[in-house]
Amino acid sequence: MSVLRHAARVAWKDLRIELRSKEIVYTMAFFGALIVVVYSFAFPVKPDLVRAAVPGMLWVAIAFAGTVGLGRAFDRERENDTMRALLLAPIPRLAVFLGKAAAISLLVLLVALVCAPLLALLLDVDLFAMPAELLLLLVLGAIGFANVGSVFAATLLKVRSRDVLLPVILYPILIPLFVAGTSATEAMIAVKPDLDKLWYWIGFLGIYDAVFLVLSMWVFEALVIE
Amino acid sequence: MGALDKVEIKKLTKRYGTERALGGVNLELAAGKMTALLGHNGAGKTTLLGIVSTLVRATDGTVTYVSSGAPVEGEHVRRQIGMLAHSSLCYAELSAVENLALTAGLYEVDGSPEAITAMLDRVGLEPKARDRAARTYSRGMLQRLALARALLTKPSLVLLDEPFTGLDRGGALALGEQLGILRDAGAIVVVVTHDLEAIAGRTDHVAILRRGQLVFEERGSYSYEQLKDVYHRFAN
Ligand SMILES: Nc1ncnc2c1ncn2[C@@H]1O[C@H](COP(=O)(O)OP(=O)(O)OP(=O)(O)O)[C@@H](O)[C@H]1O
Ligand SMILES: [Mg+2]
């Protein structure tokens, strides 16, 4: 499939630039870690309270840090108008979208993997009781976030107040993702883990990702042409 | 799918809100011809190139791309376009060589070190800068890289928006020569510029836009004096 080959090329380009500058990863990771540290001061470390609050904390940290990274990843394409170069290339415009979204998924996942252990450590909660399930959940969350985020970040590329508008438009659409993420995490770290609930929400997240992936692929080209 | 023979622009209109950037432009661009697209600031030149490059949507009117007698669209058209825009379209964090390798990959053309070196020689980017991040380039160096990026893919529709800005006299002359070579090789070349001296004697076709209208169009070669004359008569 030439779409996937070109998408991989676009994603690899992003990751290579990031490997060199490390700017986005450091900013996101630092911001995410900071949020977690603030939580650890703001909330008393009482087992019950923490157990109830940690899922929300994790996903809010991912959302905030993710938005910072998302904005930067697309700002980079603005710098020398390189987004136009990508859209001008004789590759399906879908490949541009998939490539950007894939690279951003990885960055978001990386940040989630920084925030989760830190949260577990500072708030003394066993987030890693089910490591494989947690990883799956974070992967699905990162994909969903990057996917919806890329559509809106690309659309807002030419808008002056995009930094403010991006979260305002993005978060309402991401509510189902956050609900699923939080509920699944909750089920995972409960005193008696609720496997039915966990898999229900993981399944929900999978469907959310699939639906929005199809939707994004469908609208992306129409949204990015001036 | 091969080179484009012709681009037909019909009744092209572009509105930004209530502002009309283009108001029904008709123009035909032919293979092996260099068109100079002239006009004052805000006349609509960049907008026209944007629509022809497929990146800007027309409000009304059509652009038809013809290859071997049949209309083509989408990726086939984009494959044939070489664009030199106001900005470099190159990644600041990547070097000249890496930028060209990326372009070669996306266009599936020869991206070997030899091919890239040959192209950078052709645009005259100094060898010791080629492996440095483009962020560190001077304005003129970046312009040369942008040109290399546009030419690497062997385009048959070359769209250049103010290609001479930032180039020194030698660079501008060399670029003029390169454009002549492309035209002679059969490409459709469109140059938007305010630098009439740089294109004097090289164009086959002159078109002048004024407030989104095509106010002058004529085929034939123009000397610097003639270009200056028609520009002053029609652009104002
Ligand atoms: N994105 C945009 N939104 C609103 N108006 C625009 C936009 N782009 C261009 N215009 C308007 O369209 C008109 C034509 O602009 P264009 O950039 O095509 O001019 P130009 O001939 O390239 O000028 P210059 O010589 O200064 O580059 C101008 O009046 C400009 O204000
Ligand atoms: Mg312009």
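This text gives an overview of the structure that appears in the document. Because the structure is predicted, anything quoted here is derived from the model rather than measured.

To continue, consider the overall build of chain B. Along chain B, the regular secondary structure elements total eight helices and ten strands. The C-alpha atoms of chain B give 17 Å as radius of gyration, which agrees with the globular expectation for 236 residues (18 Å, within 12%). Oriented by its inertia axes, the alpha-carbon framework of chain B measures out at about 45 × 40 × 35 Å. Summing over all exposed atoms, chain B offers an accessible surface of approximately 9800 Å²; the carbon and sulfur share of this is 50%. Once the 28 positive and 27 negative side-chain charges of chain B are each reduced to a mean point, those two points are 5 Å apart.

Further remarks concern the sheet that holds strand β2 (residues 19-30) of chain B. All names here are of chain B. If you trace the four strands from one edge of the open sheet to the other, you get β2-β1-β4-β5, paired in antiparallel fashion. The two strands at the open ends of the sheet, each matched to only one other strand, are β2 and β5 (70-72). In this sheet, neighbouring strand axes are inclined to one another by 30° on average, regardless of whether the strands run parallel or antiparallel. When strand β4 (residues 60-67) meets β5, the two strands line up antiparallel, connected through three bridges. Following the sheet pairing, V66 is matched in β5 by P71. Against the sheet, helix α1 (residues 45-52) makes contact with β1 (6-16), β2 and β4, and its axis sits at roughly 120° relative to β1, the strand it touches most.

Residues and elements named next belong to chain B. Close contacts around ligand 1 come from 14 residues, with E19, G42, K45, T46 and T47 the closest. At a separation of 2.9 Å, an oxygen atom of ligand 1 approaches a polar backbone atom of G44. Bound to the protein, ligand 1 loses 64% of the 640 Å² it would expose on its own. For the shell around ligand 1, the elements supplying multiple residues, two or more each, are β2 and α1. The class makeup of the residues in the shell around ligand 1 is three nonpolar, eight polar and three charged.

A few words now on helix α2 (residues 23-42) of chain A. Residues and elements named next belong to chain A. Here α2 is 20 residues long and its end C-alpha atoms lie 28 Å apart, about the 28 Å a rise of 1.5 Å per residue gives. Residues I24, M28, G32, A33, I35, V36, Y39 and S40 constitute the buried set of α2. Looking down the long axis of α2, one finds its buried residues gathered within 150° of arc, a one-sided arrangement. More than 90 degrees from the buried face of α2, the exposed residues found are Y26, F30, F41 and A42. Against α1 (2-21), α3 (47-79) and α5 (93-122) lie the buried residues of α2.

The rules we used
- As a convention, each chain's residues are numbered from 1 in the sequence order in which they are written.
- Labels are handed out in written order, letters beginning with A for the chains and numbers beginning with 1 for the ligands.
- Thresholds applied to this predicted model are a pLDDT of at least 70 for local features of residues and 80 or more for the giving and counting of side-chain atom pairs; totals over whole chains, interfaces and linings are not thresholded and use all residues.
- As a rule here, side-chain values come from all non-hydrogen atoms in the structure, and water together with hydrogens is ignored.
- Here a helix means four or more residues in a row that DSSP labels H or I, a strand means two or more in a row labelled E, and each is numbered from the N terminus.
- It is over C-alpha atoms that the radius of gyration is taken, and the globule rule equals 2.2 Å times the number of residues to the power 0.38.
- Only the protein chains shown count as cover for residues, and the accessible areas themselves come from Shrake-Rupley with a 1.4 Å probe.
- Lys and Arg are tallied as positive, Asp and Glu as negative. Neither His nor the chain termini are counted.
- The atoms used to mark charge sites are NZ of Lys, CZ of Arg, CG of Asp and CD of Glu.
- Criterion used throughout: strands pair if DSSP finds at least two bridges between them.
- To get an axis, fit a line to the C-alpha atoms, keeping to the stretch in contact for a helix; angles then go from 0 to 180 degrees between the N-to-C directions.
- In this analysis, two residues are considered to be in contact whenever any of their non-hydrogen atoms come within 4.5 Å of each other.
- We call a residue near a molecule or strand whenever a single non-hydrogen atom of that residue lies within 4 Å of it.
- We define a polar contact as two N or O atoms separated by no more than 3.5 Å, with the added condition that, inside protein, one atom must be a possible hydrogen donor and the other a possible acceptor, whereas residues neighbouring each other in sequence contribute only through side-chain atom pairs.
- Residue type decides the class: Asp, Glu, Lys and Arg count as charged, Ala, Val, Leu, Ile, Met, Phe, Trp, Tyr, Cys and Pro as nonpolar, and the leftover types, Gly among them, as polar.
- To estimate how far a helix should extend, the number of its residues minus one is multiplied by 1.5 Å.
- Burial classes: relative accessible area under 20% of the type maximum marks a residue as buried, over 50% as exposed, and values in between as partly exposed (1.4 Å probe, protein chains only).
- Here the arc refers to the directions that run from the helix axis out to each C-beta atom.

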